[in-house]
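Fold and contact review
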Amino acid sequence: MARQKTQINPEHYYTIYNWMLTDLGLSGSELLVYAFIFAYSTNANGKGCYFGGSEAMSLAVGYGTKTVQTSINKLCEASLIEKKTVTLKSGAVRNYLRVSKDALMPLSSLPVMEEPLERLRSFDLMWEDLTSIN
């Protein structure tokens, strides 16, 4: 039996900010993957990170899972996002992704960054103990 393809909620969205292009120099798949992770990292109703997997992300950004994985790796290497891999009690392995506060600090003077940076800080304790997220 074939595995059912992951569906994304049509009401979910993410925003591409001009500073992602000009200050971070992002484009293409890396821009969309970063914007997607930024939305999850700074959503007031969220958990401060993304952990839904590459297949769901690929549907949301319009690139294949291999391209999404390559983009994630490049963003990690550039220290724009952080990645933690956790083995759950069930034995399943889950990757957690969030944007790096350190990479955003040079942009902290932008009015649009005040609220997202505060949200990132508020999720720090959860990021240190990811066992509370499932």
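Residues numbered from 1 in each chain as written. Predicted model: local features only at pLDDT ≥ 70, side-chain atom pairs only at ≥ 80, totals over all residues. Heavy atoms only, no water.

**Considerations on the layout of surface pockets**
Reported here for the second largest pocket is a volume of approximately 180 Å³. Lining the second largest pocket we find 14 residues, and of these G53, S54, Q69, R94 and N95 sit closest to its centre. Counting only elements with at least two residues in the lining of the second largest pocket, the list comes to α4 (65-77) and β2 (93-99). In terms of residue count, β2 provides more of the lining of the second largest pocket than any other element does, 4 residues in total. When its residues are assigned to classes, the lining of the second largest pocket shows 7 nonpolar, 5 polar and 2 charged. (1 Å grid on protein atoms, 1.4 Å probe; cavity = no way out; pocket = protein on both sides within 12 Å on 5 of 7 lines; lining within 4 Å. Points joined across faces, edges and corners; volume = space filled by probe spheres on them. Helix = DSSP H or I, 4+ residues; strand = E, 2+ residues; numbered from the N terminus. Nonpolar A, V, L, I, M, F, W, Y, C, P; charged D, E, K, R; others polar.)

**Some remarks on helix α2 (residues 28-42)**
For α2, built from 15 residues, the straight-helix expectation of 21 Å at 1.5 Å per residue is met to within 8% by its first-to-last C-alpha distance of 21 Å. Those residues of α2 that sit buried are S29, L31, L32, V33, Y34, A35, F36, I37, F38, S41 and T42. (Expected span 1.5 Å × (residues − 1). Buried < 20%, exposed > 50% of the residue type's maximum accessible area, 1.4 Å probe, protein only.)

**A few points about the packing of aromatic side chains**
Per the counting criterion, the structure on display carries 10 aromatic pairs. Ring geometry for F36 against Y40: centres 5.0 Å apart, planes inclined by 50 degrees, an arrangement best described as tilted. In this pair, F36 and Y40 both sit in helix α2, 4 residues apart, roughly one turn of the helix. Taking relative accessible area as the criterion, F36 reaches 7% and is therefore assigned buried. A centroid spacing of 5.0 Å and a plane angle of 75 degrees characterise the contact between F36 and Y50, whose relative ring orientation is edge-to-face. Taken together, the residues span a long stretch of sequence, with F36 in helix α2 and Y50 in the loop between α2 and α3 (54-61) at a distance of 14 residues. Each member of the aromatic cluster is reached from another via a ring pair, and the members are Y14, F36, Y40 and Y50. (Phe/Tyr/Trp six-rings, centres within 6.5 Å; stacked < 30°, edge-to-face > 60°.)

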